[in-house]
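So you can see what is in the structure, the chains are spelled out below.
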Amino acid sequence: MSDTTETSPAATRTATPVMISRKPGAPGARVPSGSEGTSTACIRTFGCQMNVHDSDRMRRMILDAGYAEVQSYEEADLVILNTCYVRENAVDRVRGHLGELNRLRRLGRVKKVALTGCIGASDEATTLQRQYGIDLVLGTHNTYELAEFVGLPTMRETYTPDLPGTQGEHSAFVTIMTGCNYQCSYCIVPSVRGRMVCRPLENVVAEIEGLVESGTGYVTLLGQTVDAWRHDGKRFCDLLARVADVAPRVWFTTSHPSNMEDRTLRLIGEKDTIVKRLHLPVQSGSDRMLKVMHRGYKAERYRRKIEVFREAVPDGTLSTDVIVGHPGETEEDHEQTLKLVEDCAFDSAYIFKFSPRKGTEAAELGGAVAPGVVQRRFLEVLRAVEQNAFARNQRKVGSLEDVYIRHGSTEDGKAIGETWSGHAVHVRTESEPGEYVRARIDSAGPHVLYAGEPIA
Ligand code: SAM
Ligand code: SF4
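Overview of the structure. Position labels on residues start from 1 in each chain and follow its written sequence. All chains are assigned letters beginning with A, and all ligands numbers beginning with 1, in the order in which they are written. For a predicted model such as this one, the threshold for reporting local features is a pLDDT of at least 70, and the threshold for listing and counting side-chain atom pairs is 80 or more; totals across whole chains, interfaces and linings nevertheless cover every residue. Excluded from the side-chain calculations are hydrogens and water; all other atoms, namely the structure's heavy atoms, are used.

Classification of ring pairs rests on two measures: the distance between centres of Phe, Tyr or Trp rings, Trp counted by its six-membered ring, which must be within 6.5 Å, and the angle between planes, read as stacked under 30 degrees, edge-to-face over 60 and tilted in between. In the structure shown here, the tally under the stated rule is six aromatic pairs. Taking the centre distance of 5.1 Å and the plane angle of 65° together, the rings of Phe-236 and Phe-252 count as edge-to-face. Of this pair, Phe-236 sits in helix H7 (residues 236–246) while Phe-252 sits in strand E14 (residues 250–253), placing them 16 residues apart in sequence. Note on exposure labels: buried denotes an accessible area under 20% of the residue type's maximum, exposed denotes more than 50%, and partly exposed covers the range between, all computed with a 1.4 Å probe on protein chains only. For Phe-236, a relative accessible area of 2% corresponds to the buried category. Ring geometry for Trp-420 against Tyr-436: centres 6.2 Å apart, planes inclined by 15°, an arrangement best described as stacked. Taken together, the residues span a long stretch of sequence, with Trp-420 in the loop between strand E19 (414–418) and strand E20 (424–428) and Tyr-436 in strand E21 (residues 436–444) at a distance of 16 residues. Pairwise contacts between aromatic rings join Tyr-218, Tyr-404, Trp-420 and Tyr-436 into one cluster. Of note, Arg-44 hangs over the ring of Tyr-73, and the distance from its end group to the ring centre comes to 4.6 Å. The helix and strand labels rest on DSSP assignments: H or I over at least four residues marks a helix, E over at least two residues marks a strand, and numbering proceeds from the N terminus. Note on criteria: charge over ring means Lys NZ or Arg CZ within 6 Å of the ring centre, with the direction from the centre no more than 35 degrees off the ring normal.

Listed below in structure tokens is the structure:
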């Protein structure tokens, strides 16, 4: 059993550079040296959408520098590991990859290794660099230094991440804020990503206009606490309303319950272009634990927000994050989490076993919960979520849905799409990512809906 039910949704970055782009072969660009004349690079991404987005930016740099992107370490001259630090086993996983890369280096294959992202920004980076002879370590604040490493001109650091990382793709992430001003007891993010910096509204809108012009049909606004976004007297709801007028399809993640305004929840129901799916991490259903975690809200406030969402967006889907086994969590606290899970009837949840992160308050707290107890609590929350989700998904059977194709069909001929209500759907179609198909839902499981043949 893994220690989460799904992958982690978000981690964020701070300063981002303006890139001075240079065409392959231009003066200053890296001289090709690979076996077939061109240098090759492989980027491996761990963790959340923010890291995926950062990898897109680094991809632009390596392509501009004349590298060809490859998918396996064996074929790569340069390997970039863009890492996540949110849980302990994240470091263990990266160690495994570093060991394998050193083996390939000894065989004369991989020539350079770069470690970037949240582990790069952590205290452990120095030890890893020494142990594995890593050539370049970058944190989340200075990813732009990769440019110089791959032979591009140095980039200027600014706080406006205006790199068009994903133009021309059917869907794109757009960072609206970076960092986090909270200090949750268990969380390493504020120390590796820094304090909150919000992008000006006009910059965000201009980037999205460019993306839409280049063919992007689905924009996801990203940040650790997107709903904390504010700039020049404007708040997140104002930004979301503007973006929803510009982009054909919009979603946002992650939100914090303390920042979520009722008018934002109503806007989700009002605007046709916003996907009716809310990800609002609760972490615990116990007020005592929420206080220990420094979450800044009580369970009752969270429940009220959910009531507003369910009323404003009756067909919407709701997901959350829950941590089980935080130090000091009693059986009674756990019961309260189970009760909240039941009351809120989540459509899905990311359930995490507490993982002590060096440098966080919770790592120093007494009251560790025994691993066997954590495992039981994990399974109990998982079961509660799945039961609710299954019952809610059953209600969709028979409905006719416009499905946005996210991933094209695999060998079994089924593509993965998303309804406007935010449900994941398997549908038999040859349609490409970014296209819509109309199909009736035939059946449902706890995690996904299954549609019949699309209706022409
Ligand atoms: N900013 C978001 C929020 O506060 O809701 C979440 C960001 S965090 C990268 C994603 C999730 O990872 C958190 O919501 C939390 O459930 C989980 N998480 C973070 N640190 C953790 C830890 N030390 N142990 C277990 N889970 C953790
Ligand atoms: Fe971490 Fe809390 Fe900030 Fe989320 S709000 S990134 S959990 S410190």
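Here a residue counts as near a molecule or strand whenever at least one of its heavy atoms sits within 4 Å of it. Around ligand 2, the neighbouring residues are Cys-180, Tyr-182, Cys-184, Tyr-186, Cys-187, Val-189, Pro-190, Gln-224, Thr-225, His-256 and Arg-295. Each residue is assigned to one of three groups, with Ala, Val, Leu, Ile, Met, Phe, Trp, Tyr, Cys and Pro labelled nonpolar, Asp, Glu, Lys and Arg labelled charged, and all others, Gly among them, labelled polar. A per-class count over the shell around ligand 2 returns seven nonpolar, three polar and one charged.

Take the pairing of strand E18 (residues 400–407) next. Pairing between strands requires that DSSP locate at least two bridges from one strand to the other. Where E18 meets E21, five bridges bridge the pair, whose relative direction is antiparallel. From the neighbouring strand, Leu-400 faces E21, where its bridge partner is Arg-440. Sheet topology places E18 next to E19; three bridges connect them, and they run antiparallel. Pairing of Tyr-404 across the sheet is with Glu-418, part of E19. The antiparallel pairing of E18 with E19 creates a hairpin that spans six residues between the two strands, and Gly-413 there sits at a positive phi of about 80°.

This part covers the environment of Pro-327. In this fold, Pro-327 is placed in the loop between strand E16 (317–324) and helix H11 (331–344). Pro-327 gets classed as buried once you look at its relative accessible area, which sits at 7%. Placed 37 residues apart in sequence, Pro-327 and Glu-364 show a C-alpha to C-alpha distance of 9.2 Å. Any two residues whose heavy atoms approach within 4.5 Å are treated as being in contact. Residues in contact with Pro-327, not counting those within four places in the same chain, are Met-289, Phe-354, Ala-362, Leu-365, Gly-366 and Gly-367.

Our next topic: the sheet that holds E18. A barrel is described by the order of its strands in space; here five strands give the closed sequence E18-E19-E20-E22-E21, paired in mixed fashion. Along the sheet, successive strands turn relative to each other by an average axial angle of 55°, direction set aside. Here E20 pairs with strand E22 (residues 449–451) via two bridges, running parallel. By the bridge assignment, Val-425 is partnered in E22 with Leu-449. An axis is simply a line fitted to the C-alpha atoms; with a helix, the fit covers only the stretch in contact. Between two such axes, the angle follows the N-to-C directions and lies from 0 to 180 degrees.

This part covers the sheet that holds E14. Across the sheet, three strands lie side by side as E8-E11-E14; this open sheet has parallel pairing. The sheet terminates laterally at strand E8 (171–175) and E14, the two strands that pair on one side only. Ignoring strand direction, the axes of neighbouring strands in this sheet form an average angle of 25°. Sheet topology places strand E11 (residues 218–222) next to E14; four bridges connect them, and they run parallel. Of the residues in E14, the one forming a bridge with Val-219 is Val-250. Running at roughly 150° to E14, H7 makes contact with E11 and E14 of the sheet.

Attention now moves to the nonpolar core. Generally speaking, soluble globular proteins have nonpolar side chains that are buried together. Residues grouped as a nonpolar core are buried Ala, Val, Leu, Ile, Met, Phe, Trp, Tyr and Cys residues, joined through side-chain atoms within 4.5 Å. Core analysis: the largest hydrophobic core is formed by 57 residues, its most contacted members being Ile-176, Leu-221, Phe-236, Phe-252 and Leu-278. No other element matches H7, which puts seven residues into this core. Grouped together as the second largest cluster of nonpolar side chains are 24 residues, Cys-42, Ala-76, Leu-104 and Leu-128 included.

Further remarks concern the pairing of strand E17 (residues 348–353). E17 sits mainly inside the fold: five of its six residues count as buried. Where E16 and E17 come together, six bridges link them in parallel fashion. Residue pairing for E17: Ser-319 is matched across the bridge by Ser-348. If the strands point away from the viewer and the path from the first strand over the helix to the second runs clockwise, then the crossover is right-handed. Following the backbone out of E16, through H11 and into the adjacent parallel E17, one traces a crossover that is right-handed.

A word on the pattern of salt bridges. Any carboxyl oxygen of Asp or Glu that lies within 4 Å of a side-chain nitrogen of Lys or Arg is treated as forming a salt bridge with it. Summed over all chains, the structure comprises 27 salt bridges. Note that Asp-238 and Arg-263 form a salt bridge whose closest N and O atoms lie 3.5 Å from each other. Here Asp-238 is found in helix H7, whereas its partner Arg-263 is found in helix H8 (residues 262–270), with 25 residues between them in sequence. For Asp-238, a relative accessible area of 23% puts it in the partly exposed group. Between Glu-418 and Arg-249 there is a salt bridge; the shortest N-O distance is 2.8 Å. Separated by 169 residues along the polypeptide, Glu-418 in strand E19 and Arg-249 in the loop between H7 and E14 bring together distant segments of the chain. Of the residues examined, Glu-418 reaches a relative accessible area of 3% and is grouped as buried.

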